[in-house]
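# Coordinates in review
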Amino acid sequence: MESKGSELRRYVEQANEIRALSSPQIRDIVSADGYRTLLMQNYMRIGMLAKENQKILDKYFFHKDENGDESGGISMEEMREFTELVIDSYNLTNMDAPLVYYQAKRILKQADESGDERNQILAMDGMITAAYLMICMTERLIPIDDVCMEYYREGMRAGERLLEYLDHDKFSALSDELKELIIIDARFIRLVSEIDDVPTTEEQRQTILDRMNNAMALADDPFYREQLPNYNWTLHRFRIYEYICSLTDLNNNQGYSKEQLEYINQCTKKMVEMYENEEYDLKSQHYAKNIYLYAARNGYLAGEIGLDEYKRQLERLAFEEYRNSPEDDIPVAMLQVPLEYMLVLDPDNLSPIEESSLQYIYNKLIGYLHQTPKKGMLTFLLSCLSLILKNFIEIPYGMDFETMGLSLIAAIHPMTYIHTQCVAEITKVLTYHLLYENPSLFVGMPGYATIQDVRTHRAEIEDFAYHAALCHDFGKLIIAETILTYGRNLLTEEYSFIYDHPAIGAYLLSQNKSTAEYADMAMGHHKWFNDEEGYPEDFEMAKSPYKTIVAIVACADCMDAATDFVGRSYKSGKTLSEFLNEMEENSGTRYAPFITELLKDEEVRIEIEDVLSKWRNENYRKAYLLLKKSNRSNDRT
């Protein structure tokens, strides 16, 4: 009989395998048919692994006692061991942050009820890590969701409680294991003390700096050094310098003062000196790749180097890092360098060199996101990627936001890319026929005030609808790890992430001139035609000037999802006839009656069948060729 420990290890191994299977490497695949076959095989395997993993979770994490309450079949020590399997903080990987947080909160409650001090400290340490991971997931939501602030508050509460153990009497009474945890958490609290997209107040900024200085002072305090003679105080200093240097992320979005920026720059110089003197083999640390980014940025913010020189240093870092990094790794710095570079550019006045650098960076980013085997890094990668997307700069006659978004979707989750292409093809067919059958439906769209306007510009409207449909799921880029959660039921908070993706997509599209008019299609594609159900609640289909196209995209989205038997993992797809029967039953409520009526036309149904068979296969070819192209671009570097 398999032991509990081996079952939990199997869960993590299978979760990692699921991530890899969902976005397979295509280096050795020689045709689009081969790629489609591979994906079909992979999703059959995903279905099997998902069922096995759900059984493990039901047994140990969601076990119900005789009263129907969740009692849990796992102890605190077992939970800590499981967390170490799920989260590798050195390599920045995690396979299931929401599950870890769910358990961490429950175990902290149990520890407090027991009154056992060791268990309380271990549980608080686990809560800080879990809260930080959830902040990474939720600070990307647009706008910053209340649930993100909940994780912030939970993490800070645990951190403040742990800092109380720095009291000499309390500290000296602890074991060496717990003493090390307290010292580490005294610096780690920095990571849960701010949310990147939310500027801090002057008081908050100073509190963060004070905490870091207090943590640094521990290394010089004879009491703590005597208590922990074997602790790595050199690494402790280096990590605190790193945390201080990172306070100016996003071109000093938090708003540190000139005096504070000068202090941060001095800390940066000390960190560089430690790194270059090779104290404790610091060059082996993964986070050390960021060091020259910090040096360039903080030198610029402190006024030591000018803007042009800062740009040159960022360009050099980008080109050198991409060329020197191993193919099997995504350098975290190479997500941060492009971001910081974009933030100091003038989008309306890009120089030829800046355009060329941006195009290069975008292409490399797409390729790396597809090629990396470290799928467990996705949460951390998406934290940077989401900010790149929010601050995206379109390149004239080069990379536009639609192309970038589609390429990233293909790299991260190809089945969503294939779904998106199918939705766009269905939308195109429905729009084409409605433009002839009932052009009055499109009157009122911006630029089309009369039926004659619509008739004159049929091709233009059809093209608009097609591209809007291509962009309808861009919000899924920000919550990709939730979309990739095969193997367990979603937790309550995760459903809220899913419900947020239309608004996130609409926000991203609205930030770029070429896609701004597609925002309503992203916002409304999960809303019912009668506005009675669906999400988000604050979007009213009837008030949108694009309501006809929103209704078409919403229908096309449901149609492809319902009839797809590969991308929906192990769930069986419906036939088109079965779906059309459901549409008929929900005509006028969920679905627009004019679409239901249109689909009674045999010619239209035949075209839709063609999309769902021939064109769906064609979309695998599109995904394959797109990924092949991005891989070749990386290989030539």
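Before going into details, it helps to say that this report is about the structure given with it. These numbers were taken from a predicted model, which means no experiment stands behind them.

## Focus: the overall build of the protein chain
A tally of helices and strands in the protein chain yields 29 helices and two strands. The C-alpha atoms of the protein chain give a radius of gyration of 26 Å, which matches the 26 Å a tight globule of 637 residues would have. With the C-alpha coordinates of the protein chain rotated into their principal frame, the extents come out at 85 × 70 × 50 Å. Put simply, the protein chain has 637 residues, and 57% of those count as buried. In the form shown here, the protein chain has an accessible surface area of approximately 26800 Å², with 48% of it arising from carbon and sulfur atoms. Averaging the coordinates of the 66 positive side-chain charges in the protein chain and doing the same for the 106 negative ones gives two points 3 Å apart.

## Brief notes about the nonpolar core
Phe61, Met559, Ile595 and Ile608 are the most contacted members of the largest nonpolar core, which has 220 residues in total. Considering each element in turn, this core owes the most residues, 14 residues, to helix 5 (residues 117-138). Setting aside residues up to four positions removed in sequence, Ile595 forms contacts with Leu430, Leu434, Ala551, Ile552, Cys555 and Met583.

## Considering the packing of aromatic side chains
The final tally for this structure, using the stated rule, is 22 aromatic pairs. The rings of Tyr362, Phe392, Phe401 and Phe474 are connected pair by pair, giving a single aromatic cluster. Residue placement shows Arg36 over the ring face of Tyr620; its charged tip is 5.3 Å from the ring centre.

## Focus: the pattern of salt bridges
Following the criterion strictly, the structure yields 31 salt bridges and no others. Here Arg211 ties to Glu160 by a salt bridge, and the two come within 2.4 Å at their closest N and O atoms. Within this pair, whereas Arg211 is found in helix 9 (residues 202-217), its partner Glu160 is found in helix 6 (residues 146-163), the two being separated by 51 residues in sequence. For Arg211, a relative accessible area of 19% puts it in the buried group. Counted as one network, the salt bridges with shared partners bring together Glu7, Arg10, Glu52 and Lys59.

Analysis parameters
- Residues numbered from 1 in each chain as written.
- Predicted model: local features only at pLDDT ≥ 70, side-chain atom pairs only at ≥ 80, totals over all residues.
- Heavy atoms only, no water.
- Helix = DSSP H or I, 4+ residues; strand = E, 2+ residues; numbered from the N terminus.
- Rg over C-alpha atoms; globule rule 2.2 N^0.38 Å.
- Buried < 20%, exposed > 50% of the residue type's maximum accessible area, 1.4 Å probe, protein only.
- Areas by Shrake-Rupley, 256 points an atom, 1.4 Å probe, with all protein chains shown as cover.
- Lys, Arg positive; Asp, Glu negative; His and termini not counted.
- Charge placed at Lys NZ, Arg CZ, Asp CG, Glu CD.
- Core = buried A, V, L, I, M, F, W, Y, C linked by side-chain atoms within 4.5 Å.
- Contact = heavy atoms within 4.5 Å.
- Phe/Tyr/Trp six-rings, centres within 6.5 Å; stacked < 30°, edge-to-face > 60°.
- Lys NZ or Arg CZ within 6 Å of the ring centre and 35° of its normal.
- Salt bridge = Lys/Arg side-chain N within 4 Å of Asp/Glu carboxyl O.

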